[in-house]
Protein chains: 2
Amino acid sequence: MPAIRLGLAQTNPTVGAIAANLATCLEQAKLAHSKGVNLLVFGELAATGYPIEDLAHRESFLMETETAISTFAAQLYAAGLGEMHVVIGHPKFAYDRNTPWAIAQNAASVLHSGEIVGRYSKRHLPNYSVFDEYRNFIPGNESFFFEIGDKKAGLLICEDIWQTGGHIVDFEEAKPNLTLVLNGSPFELEKLDQRVQIASKLAIQTNSTVAYVNLVGGQDDLVFDGASFAVDSQGNLIAMAKQFEEDLLILDVTETGDVKTVSTSHQAGSTFDQVWHALVLSLRDYVEKNAFPSVILGLSGGIDSAVCAALAVDAIGSDRVFGISLPSQYSSDHSKSDAADLAERIGVKLSVQPIEPTFQVIEDQLNLTGVASENLQARIRGIILMGLSNQNGHLVLTTGNKTELAVGYSTIYGDSVGGFAPLKDVDKILVWKLAEWRNEHARKNGLVPPIPQNSIDKAPSAELRPGQIDQDTLPEYDILCKILDLYLVERLGAEQIVAKGFEPALVKHIMNLVNSAEWKRRQGAIGPKITEMSFGRERRMPITNKYR
Amino acid sequence: MPAIRLGLAQTNPTVGAIAANLATCLEQAKLAHSKGVNLLVFGELAATGYPIEDLAHRESFLMETETAISTFAAQLYAAGLGEMHVVIGHPKFAYDRNTPWAIAQNAASVLHSGEIVGRYSKRHLPNYSVFDEYRNFIPGNESFFFEIGDKKAGLLICEDIWQTGGHIVDFEEAKPNLTLVLNGSPFELEKLDQRVQIASKLAIQTNSTVAYVNLVGGQDDLVFDGASFAVDSQGNLIAMAKQFEEDLLILDVTETGDVKTVSTSHQAGSTFDQVWHALVLSLRDYVEKNAFPSVILGLSGGIDSAVCAALAVDAIGSDRVFGISLPSQYSSDHSKSDAADLAERIGVKLSVQPIEPTFQVIEDQLNLTGVASENLQARIRGIILMGLSNQNGHLVLTTGNKTELAVGYSTIYGDSVGGFAPLKDVDKILVWKLAEWRNEHARKNGLVPPIPQNSIDKAPSAELRPGQIDQDTLPEYDILCKILDLYLVERLGAEQIVAKGFEPALVKHIMNLVNSAEWKRRQGAIGPKITEMSFGRERRMPITNKYR
């Protein structure tokens with residue numbers, strides 16, 4: 001009999017669906033109890049979903065959550081699980097005269113014997129990147145420990161372990177056997193290793209077993225990847241839960257502090273594997289949590305729409321994905337045949353809606369030329385997709401990639417229409433790599449590669465005028481993506497970028513394009529963050545801005 | 001000879017235009033010096049504009065600002081103004097291990113004899129409403145005072161005076177004669193009185209003359225209203241600068257602490273007068289700072305587009321405003337004649353672009369019915385406006401009001417198209433009141449009332465099907481606006497709103513409409529905040545959200 005049988009329950013809550021989220025937690029608790037778990041830990045705000053944003057300012061929401069947590073404790077007891085310690089994250093009502101704009105704390109409660117027996121409030125609030133927690137929460141100001149038999153556990157919540165601060169001293173003094181960390185940590189390239197490193201360091205510092213429990217699932221532009229894990233007091237990674245799926249990871253902590261895996265441990269896949277699954281989960285959850293019956297997207301024969309369609313099929317199945325080919329007089333034969341090839345490969349119905357009849361009427365009526373005429377084509381496509389969406393209830397996917405968004409190489413109210421942008425944070429280079437990875441993945445499994453090779457190989461083009469290709473007005477994508485990384489991610493100035501070996505005029509041109517497109521990005525659809533610098537709430541720039 | 005001749009310089013900076021902003025400041029300094037001013041105070045971040053948002057994370061921006069402030073000090077000296085003390089707000093580079101995500105402070109420098117002789121960093125950072133300062137800045141941690149002859153002045157920046165905290169103790173101890181407060185305080189209904197009250201309280205607490213200097217001008221969705229003012233140490237309001245215009249307010253502070261106005265003092269207008277001027281200034285500055293030659297908008301004959309057109313003419317003149325009538329088969333005669341009447345009253349060119357030819361082509365091609373067909377009409381209007389915008393460089397104004405935005409009573413990519421939404425924060429009831437105020441204002445001045453009375457009087461309708469009016473699907477606007485205020489501003493829950501005497505089913509319906517429209521609002525144009533709860537960055541709600 002181990003001292004502690006520990007369960008790390010990574011659930012996929014929906015923001016605001018308090019009762020449904022807690023019903024899932026109850027099922028997980030029953031399962032854990034049946035496997036002998038005596039300490040079960042859920043993720044950050046698992047009761048309400050995360051992030052709750054300005055719902056944190058609504059007293060009724062906080063009061064309903066409080067009641068629901070008490071009810072959950074009673075339900076656990078009624079189900080015969082009263083002797084198991086259950087730790088769950090939820091917002092709680094609070095007041096502090098130094099933070100008068102917030103009325104909540106980001107808390108975790110310990111439930112036992114049908115009661116709330118202890119509670120901790122997150123002390124370190126992230127207020128950078130996509131996080132606005134100092135807006136929505138009041139920081140806690142003390143550490144919290146509780147006893148399980150003759151063992152002691154301490155609680156921490158997410159940002160607490162990323163910042164230095166008072167809690168380490170408290171933990172060194174209290175000497176808990178277990179440090180339980182509740183997280184709502186969104187997926188990001190390279191993030192998984194960082195989490196393990198920081199937890200490992202914490203385990204050594206506090207000489208305790210660290211249980212890191214993450215949420216899983218898509219919530220608007222964030223996708224939580226799960227991959228909860230445990231580290232022993234020497235800092236060794238012992239076991240990891242599934243990435244991108246709900247899971248219950250069970251471990252034994254012995255009297256001597258040894259940690260042994262009871263359930264199955266998993267390993268994360270390659271970078272492209274992870275990104276693909278992050279995008280799939282994000283799209284699936286946006287569709288399902290918002291109850292869309294299906295998605296629709298324009299299939300141009302190009303790489304972006306092909307990758308989006310393949311993602312959609314992986315997310316919700318081919319019978320719920322509708323492809324539309326929207327040819328114009330400038331569409332090449334291969335754009336039509338590649339779209340058809342794609343549709344056949346992924347088993348998606350394709351219908352063809354030419355834009356030329358409408359185009360002629362408006363162009364003649366308004367005498368449009370040049371860019372105005374090019375944008376008109378994209379906007380007629382947008383109108384057709386939105387019309388079919390309104391008629392049939394489909395969610396429209398917008399297929400643009402991050403590089404296009406960055407430089408404004410898209411038509412607002414045209415190819416930008418839609419409720420969700422799967423490739424919003426995927427630059428053009430990564431789009432190609434993902435396509436190749438996905439095809440290779442299919443080949444390895446003896447299946448048909450979903451993306452037509454021709455869509456991968458051909459020169460990208462918007463086909464808005466005869467013979468047009470992207471590189472008529474943009475540099476090669478590898479150069480463009482490098483300059484954009486230096487500007488957007490490294491936040492360098494023009495001189496610093498030029499010092500890295502790029503043409504001054506080109507650098508200035510790219511920076512101007514980025515800044516001029518800010519108003520369009522502000523009106524863009526949401527899409528999953530997968531990098532350390534996504535567009536959307538992670539990069540907040542003025543539209544009116546003379547600084548480059 | 002007074003002890004201090006104090007100048008409050010409210011300038012209209014453009015975010016990021018450091019050199020141009022400081023050139024304006026230099027002109028103001030010359031003017032102030034010529035009038036004998038020996039202490040001149042500018043607003044918060046007057047050097048760079050405010051808010052700078054994530055520009056605060058760019059080292060090159062902070063370094064250029066630092067250099068520019070030194071240059072400005074040297075320019076003042078070179079112009080013979082070296083003996084005048086000049087206080088100016090600007091961001092400064094900083095580092096703090098407790099706030100590792102930010103690299104700037106919101107600072108103010110005192111310039112004298114060509115040098116930076118002192119510097120203060122804002123201690124209280126607003127991180128609520130539209131403000132993200134804890135994201136972008138590191139809080140300062142000490143008070144700052146400086147000597148002018150035998151007098152002493154203390155510096156504070158904006159939020160410092162709205163929060164309780166250490167600085168009051170420091171001020172009570174240091175006993176400055178003058179408290180100089182640099183502000184970037186956006187216009188909001190009722191805000192002016194609050195500012196005076198809080199400054200008055202501060203004056204009494206610190207027994208000092210308080211100079212409150214605000215910025216003026218539009219910056220994206222914020223409009224700074226100026227109205228800088230001074231309060232004597234007994235808390236009496238002595239003088240106020242112009243509202244909604246650049247101004248230099250000059251006062252003498254005598255040896256005994258009496259405060260006397262040297263320049264002209266102004267008074268704020270009525271509520272509607274203030275809102276109208278806030279909207280005009282906001283629109284004008286968005287157009288001018290982003291260098292648009294002109295604006296274009298659809299004129300439906302309804303009240304919203306009429307008010308937008310009148311605002312645009314007041315902002316940039318009738319020759320730069322282009323009205324388009326976009327009739328369909330469902331357009332009433334009065335919608336066409338009221339649009340023509342409006343155009344004539346305000347001297348705007350009106351062109352007519354029927355949408356029916358295009359509508360027939362697409363509706364037949366896609367077999368659209370019901371709402372899909374209604375939305376199609378709005379989207380063809382959007383395409384036409386955007387086509388003319390792309391062809392001629394016009395900024396498209398989107399004319400929807402706050403009530404429509406709240407309940408999603410607009411077509412995304414249809415009537416929502418545009419770069420700027422003048423009525424974004426103006427609810428339908430206020431739209432009517434503004435129209436009446438503006439007409440009355442014209443009458444009082446012997447001019448033609450701009451808004452056709454028929455546009456004010458008739459029942460609002462989108463005219464997307466025969467005989468349609470807004471109240472087919474919405475409650476009366478006075479009831480709707482009240483429920484929305486309780487939900488959005490008071491943040492009440494359904495039960496609490498029902499307890500105020502509204503139908504439970506109606507309350508639930510309205511709340512559902514608001515939540516379902518979140519994805520559309522997220523893709524909407526920016527527009528000026530004028531209330532305490534605007535849409536946009538002030539209300540951050542998840543799209544995927546099951547809580548009502």
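In this text the structure is predicted, and so the values were computed from the model without any measurement. (Residues numbered from 1 in each chain as written. Chains lettered and ligands numbered in written order. Predicted model: local features only at pLDDT ≥ 70, side-chain atom pairs only at ≥ 80, totals over all residues. Heavy atoms only, no water.)

### Side note on the interface of chain B and chain A
Thought 1: Contacts between the two partners involve 81 residues from chain B and, on the opposite side, 82 residues from chain A.
Thought 2: For the chain B and chain A pair, buried surface summed over both sides reaches about 7300 Å², with 54% attributable to carbon and sulfur atoms.
Thought 3: By the criterion of area lost to chain A, the three top residues of chain B are Arg58, Thr544 and Tyr547 of chain B, representing 11% of everything that side buries.
Thought 4: Measuring nitrogen to oxygen at the nearest pair gives 3.2 Å for the salt bridge that ties Asp132 of chain B to Arg540 of chain A.
Thought 5: Taken together, the links from chain B to chain A amount to 43 residue pairs in polar contact (both at pLDDT 80 or more).
Thought 6: Contributions of two or more residues to the side of chain B that touches chain A are made by helix H2 (59-78), helix H3 (133-136), helix H6 (271-289), helix H9 (356-366), helix H10 (370-392) and helix H17 (518-522) of chain B.
Thought 7: Top contributing element to the side of chain B that touches chain A by residue count: H10 of chain B, with 12 residues.
Thought 8: In terms of residue class, the side of chain B that touches chain A is made up of 36 nonpolar, 27 polar and 18 charged. (Contact = heavy atoms within 4.5 Å. Buried area = accessible area lost by both parts, 1.4 Å probe. Salt bridge = Lys/Arg side-chain N within 4 Å of Asp/Glu carboxyl O. Polar contact = N/O pair within 3.5 Å; in protein donor to acceptor, adjacent residues only side chain to side chain. Helix = DSSP H or I, 4+ residues; strand = E, 2+ residues; numbered from the N terminus. Nonpolar A, V, L, I, M, F, W, Y, C, P; charged D, E, K, R; others polar.)

### Notes on helix H12 (residues 428-444) of chain A
Residue and element names in this part refer to chain A.
Thought 1: With 17 residues, H12 should reach 24 Å at 1.5 Å per residue; the first-to-last C-alpha distance of 24 Å fits that figure.
Thought 2: Listed as buried for H12 are Lys428, Leu430, Val431, Trp432, Leu434, Ala435, Trp437, Arg438, Asn439 and Ala442.
Thought 3: A positive phi of about 70 degrees marks Gly446, the residue just after H12. (Expected span 1.5 Å × (residues − 1). Buried < 20%, exposed > 50% of the residue type's maximum accessible area, 1.4 Å probe, protein only.)

### Thoughts on the sheet that holds strand S13 (residues 237-240) of chain B
Residues and elements named next belong to chain B.
Thought 1: Here we have 6 strands laid out as an open sheet, ordered S6-S7-S8-S9-S12-S13, and mixed in their pairing. The open sheet has two edge strands, strand S6 (145-148) and S13, and neither has a second partner. Sheet twist, expressed as the average angle between the axes of neighbouring strands with direction ignored, equals 20 degrees.
Thought 2: Relative to strand S7 (residues 151-157), S6 runs antiparallel, the two sharing 4 bridges. Across the sheet, the residue bridging to Ile148 is Lys151, located in S7.
Thought 3: Sitting on the sheet, helix H4 (residues 167-174) is in contact with S6, S7 and strand S8 (178-182), with an inclination near 175 degrees to S7.
Thought 4: Most of the contacts of helix H5 (residues 191-206) go to strand S12 (residues 229-231), to which it runs at about 35 degrees, and overall it touches S7, S8, strand S9 (209-213), S12 and S13. (Pairing = 2+ DSSP bridges. Axes fitted to C-alpha atoms, helices over the stretch in contact; angles between N-to-C directions.)

### Observations regarding the domain arrangement of chain A
All names here are of chain A.
Thought 1: By domain assignment, chain A separates into domain 1 (4-264) and domain 2 (274-471).
Thought 2: Put simply, the middle of domain 1 and the middle of domain 2, counted by C-alpha atoms, are 39 Å apart.
Thought 3: The interface is formed by 14 residues belonging to domain 1 together with 10 residues belonging to domain 2.
Thought 4: With both sides pooled, the region where domain 1 packs onto domain 2 buries about 980 Å², and carbon together with sulfur makes up 64% of that total.
Thought 5: On the surface where domain 1 and domain 2 come into contact, there are 0 salt bridges.
Thought 6: Taken together, domain 1 and domain 2 are joined by 6 residue pairs in polar contact (both at pLDDT 80 or more).
Thought 7: When residues of the side of domain 1 that touches domain 2 are traced back to their parent elements, those giving at least two are strand S10 (216-219) and strand S11 (222-225).
Thought 8: The element that contributes the greatest number of residues to the side of domain 1 that touches domain 2 is S10, accounting for 3 residues.
Thought 9: For the side of domain 1 that touches domain 2, a count of residues per class yields 8 nonpolar, 5 polar and 1 charged. (Domains from an automatic or database assignment.)

### Describing the relation of the copies chain B and chain A
Thought 1: Between chain B and chain A, the superposition needs a rotation of 180 degrees and an axial shift of 0.0 Å, giving an RMSD of 0.0 Å. Viewed as a symmetry operation, the transformation between the two copies matches a two-fold axis. By C-alpha distance to the rotation axis, the residue of chain B lying nearest is Gln523 of chain B, at 2.0 Å.
Thought 2: Of the interface residues in chain B, 100% have counterparts in chain A that sit at the interface too, so the contact is made through matching surfaces. (Least-squares fit on C-alpha atoms with pLDDT ≥ 70 in both.)

### Considerations on the nonpolar core
Thought 1: In this structure, Leu40, Phe72 and Ile88 of chain A together with Leu40, Phe72 and Ile88 of chain B are the most contacted members of the largest nonpolar core, which totals 95 residues.
Thought 2: Other than its neighbours up to four places away in sequence, Phe72 of chain B contacts Leu22, Cys25, Leu26, Phe42, Val86, Ile88 and Leu111 of chain B. (Core = buried A, V, L, I, M, F, W, Y, C linked by side-chain atoms within 4.5 Å.)

### Points about the pattern of salt bridges
Residues and elements named next belong to chain A.
Thought 1: Evaluation of the coordinates by the stated rule reveals 60 salt bridges over all chains.
Thought 2: Across the salt bridge formed by Glu133 and Lys122, the nearest N and O atoms sit 2.9 Å from each other. Placement of the pair is Glu133 in helix H3 (residues 133-136) and Lys122 in the loop between strand S5 (115-121) and H3, with a sequence separation of 11 residues.
Thought 3: Residue classification places Glu133 among the buried positions, given a relative accessible area of 3%.
Thought 4: In this structure Lys122 comes out as buried when scored by relative accessible area, which is 1%.
Thought 5: Note that Arg438 is salt-bridged to Asp314, the shortest N-O span being 2.8 Å. Placement of the pair is Arg438 in helix H12 and Asp314 in helix H7 (residues 303-316), with a sequence separation of 124 residues.

### Focus on a negative patch on the surface
All names here are of chain A.
Thought 1: A cluster of acidic residues, Glu190, Asp193, Asp485, Glu490 and Glu532, forms a negative patch on the protein surface.
Thought 2: In this fold, Glu532 is placed in the segment after helix H17 (518-522).
Thought 3: The exposure class assigned to Glu532 is exposed, which follows from its relative accessible area of 54%. (Patch = residues over 30% accessible without salt bridge, like charges linked within 9 Å, V, L, I, M, F, W, Y side chains within 5 Å. Areas by Shrake-Rupley, 256 points an atom, 1.4 Å probe, with all protein chains shown as cover. Lys, Arg positive; Asp, Glu negative; His and termini not counted. Charge placed at Lys NZ, Arg CZ, Asp CG, Glu CD.)

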